[in-house]
Amino acid sequence: MAETVTKEGAKKEVNASRDYILGAGDLVRINVYGAPDMLTEARLSAAGTITFPLIGELKLGGTSPTAAEKRIADLLEKGGFVKKAQVNLVVLQYQSQFVSVLGDVYKPGKYSLDRPSTLSDVLALAGGITPNGSDMVTLIRTTAGKTSKENYDFRDLITKADAGSNPQVSGDDIVYVNAREVSVLGQVNRPGKYSVVSGVRTVIDFLSQAGGVSAGGADKIIVVTKRNGKSVKREIDVDLLYRTGDTSGNFELADGDSIYVPRTPVFYIYGEVQRPGSFRLERNMNLSQALSTGGGLSARGTERGMKIKRLVNGVLETLSAKASDLLQADDVVFVGESLY
């Protein structure tokens, strides 16, 4: 099995070398079958030329090894030097092409392609992706005056063995590794931007990175994702996620996504209670539970005639209330004084 993988890798490298575009500084060996005296090793000049026996100065820069072989064979045949010439050109050193590796890599810079190289090869030359680097790697290429950008998923590049996930790079390509950051804002203990690294990808992962929801944070959070240029806002019940184990709300986040933890909903209670003030509104909290949160009735308090001030459709209304009534966010509870 290992031998098969090795052979396939060698075959891919040979095929890639045949597609390579020759340029200044490349060292080539040219052999003509049946004519050992024509064996030539030469380095392409700044103009992309070499001197070849019987032909003289020959421009090979800008052509592939295959095209260069055909050109030499044609010139030898047309000049009457060799009949049915069979030419083999091998690149001994690749020095004409450079690729820029930028962004969140350990050693950003310009690197010489000394052999046919893939995207993973040049990332390795740059020391690999830093912890702040994104999984999405952008390959920027200019061909015939037109610039194109293609994004490649680093995880696919590692796990898949197809050329589509790990393309060959060419001279003057730019490989850019974006910073991968997810913003965690609002009522968390350490708000800020956090990197998508191995083991930190999901909503819960990022909440943990931010120190968890603070005491003033709500159970329901807002997650904004950006995919294909579109923003989608989702509300996730974190408490329910933990209690039920339903992982549908614990999806993976990507660069540019954000989590917002709003303040917990509160209610207000005043009048004849031990501790008037504002308190966290718990899930399905009724008026009786609200009284307990406020320390219970004072010596002069009564549950009769309790009132709730509530904003209904933008209008503040005063409602009569009983102990079993459920409270809503921002309700104001008034507890009156007993007349007896």
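Reading guide: rules and limits
- Residues numbered from 1 in each chain as written.
- Predicted model: local features only at pLDDT ≥ 70, side-chain atom pairs only at ≥ 80, totals over all residues.
- Heavy atoms only, no water.
- Pairing = 2+ DSSP bridges.
- Helix = DSSP H or I, 4+ residues; strand = E, 2+ residues; numbered from the N terminus.
- Axes fitted to C-alpha atoms, helices over the stretch in contact; angles between N-to-C directions.
- Contact = heavy atoms within 4.5 Å.
- Phe/Tyr/Trp six-rings, centres within 6.5 Å; stacked < 30°, edge-to-face > 60°.
- Buried < 20%, exposed > 50% of the residue type's maximum accessible area, 1.4 Å probe, protein only.
- pLDDT = per-residue confidence, 0-100.
- Core = buried A, V, L, I, M, F, W, Y, C linked by side-chain atoms within 4.5 Å.
- Lys, Arg positive; Asp, Glu negative; His and termini not counted.
- Salt bridge = Lys/Arg side-chain N within 4 Å of Asp/Glu carboxyl O.
- Polar contact = N/O pair within 3.5 Å; in protein donor to acceptor, adjacent residues only side chain to side chain.

A separate point is the pairing of strand β6 (residues 98-103). As a general feature of sheets, a regular strand has side chains that alternate between the two faces. In terms of strand pairing, β6 meets strand β7 (residues 109-112) through 4 bridges, oriented antiparallel. Bridge pairing in β7 places V99 opposite Y111. The antiparallel hairpin formed by β6 and β7 contains 5 residues in its connecting segment. Pairing geometry for β6 and strand β10 (residues 174-179), over 4 bridges, is parallel. Within β10, the position partnered with V101 by the bridge is V175.

Here we come to the sheet that holds strand β5 (residues 87-93). Spatial strand order, β2-β1-β5: 3 strands in an open sheet with antiparallel pairing. Among the strands making up the open sheet, the edge pair consists of β2 (40-43) and β5. Pairs of neighbouring strands in the sheet enclose a mean axial angle of 25 degrees, with direction left out of account. The sheet strands contacting helix α2 (residues 65-78) are β1 (27-32) and β5, and the helix crosses β5 at an angle near 135 degrees.

To continue, consider the sheet that holds strand β15 (residues 258-261). Reading across from one edge, β12-β11-β15-β13-β14 is the order of the 5 strands in this open sheet, with mixed pairing throughout. Among the strands making up the open sheet, the edge pair consists of β12 (192-195) and β14 (230-237). Taken over all neighbouring pairs, the strand axes of this sheet differ in orientation by 20 degrees on average, direction set aside. Pairing of strand β11 (residues 181-186) with β12 involves 4 bridges; the strand directions are antiparallel. Bridge pairing in β12 places V182 opposite Y194.

This model, assessed by the stated rule, comprises 2 aromatic pairs. Between the aromatic rings of Y270 and F334, the centroid separation amounts to 5.1 Å while the plane-to-plane angle is 50 degrees, which identifies the pairing as tilted. With a gap of 64 residues between them, Y270 in strand β16 (residues 266-271) and F334 in strand β20 (residues 332-335) connect regions that are remote in the sequence. Take Y270: its relative accessible area is 34%, and that puts it in the partly exposed class. For F334, a relative accessible area of 31% corresponds to the partly exposed category.

Here the focus is the confidence of the model for the protein. For the protein, mean pLDDT is 85; residues scoring 70 or higher make up 92% of the total. Here residues 1-16 scores under 50 on pLDDT; set against residues more than four positions off or in separate chains, the count is 4 contacts.

Counting 23 residues, the largest nonpolar core has L22, I30, L60, L76, V87 and L89 as its most contacted members. Those elements that provide at least two residues to this core are β1, β3 (49-52), α2 and β5. Here this core takes 4 residues from α2, the largest share from any one element. Leaving out residues up to four positions away in the same chain, L60 has contacts with L22, I30, L44, G48, I50, A68 and L89. V184, V188, V238 and V261 belong to the second-largest nonpolar core, a separate cluster that totals 18 residues.

Attention now moves to the side chain of D26. Considering the arrangement of structural elements, one finds D26 in the loop between α1 (2-19) and β1. Buried and unpaired, D26 has no salt bridge, with R43 as the nearest side chain of opposite charge at 6.7 Å. Here the side chain of D26 touches G23 through a polar contact of 2.9 Å, landing on its backbone nitrogen.

Further remarks concern the pairing of β15. Of the two faces of β15, only the one carrying I259 and V261 is buried; S258 and Y260 on the other face are not. The sheet contact formed by β11 and β15 spans 4 bridges and is parallel. Residue pairing in the sheet places G186 in a bridge with V261 of β15.

Right, let's get into the pattern of salt bridges. Should the charged atoms of two oppositely charged side chains come close, the side chains can pair. A full pass over the atoms with the stated rule returns 12 salt bridges. Where D239 meets R283, a salt bridge forms, and the shortest distance between an N and an O atom there is 3.5 Å. Of the two residues, D239 is situated in helix α6 (residues 238-244) and R283 in the loop between β17 (277-280) and α7 (287-293); the sequence distance between them amounts to 44 residues. Among the residues examined, D239 registers a relative accessible area of 25% and is labelled partly exposed. For R283, a relative accessible area of 37% corresponds to the partly exposed category. Between R300 and E337 there is a salt bridge, and its shortest N-O distance comes to 3.8 Å. Of the two residues, R300 is situated in the loop between α7 and β18 (307-312) and E337 in the segment after β20; the sequence distance between them amounts to 37 residues. When its relative accessible area of 45% is taken as the criterion, E337 is described as partly exposed. Here the salt bridges do not stand alone but share partners, grouping D219, D237, D239, R280, E282 and R283 into one network.

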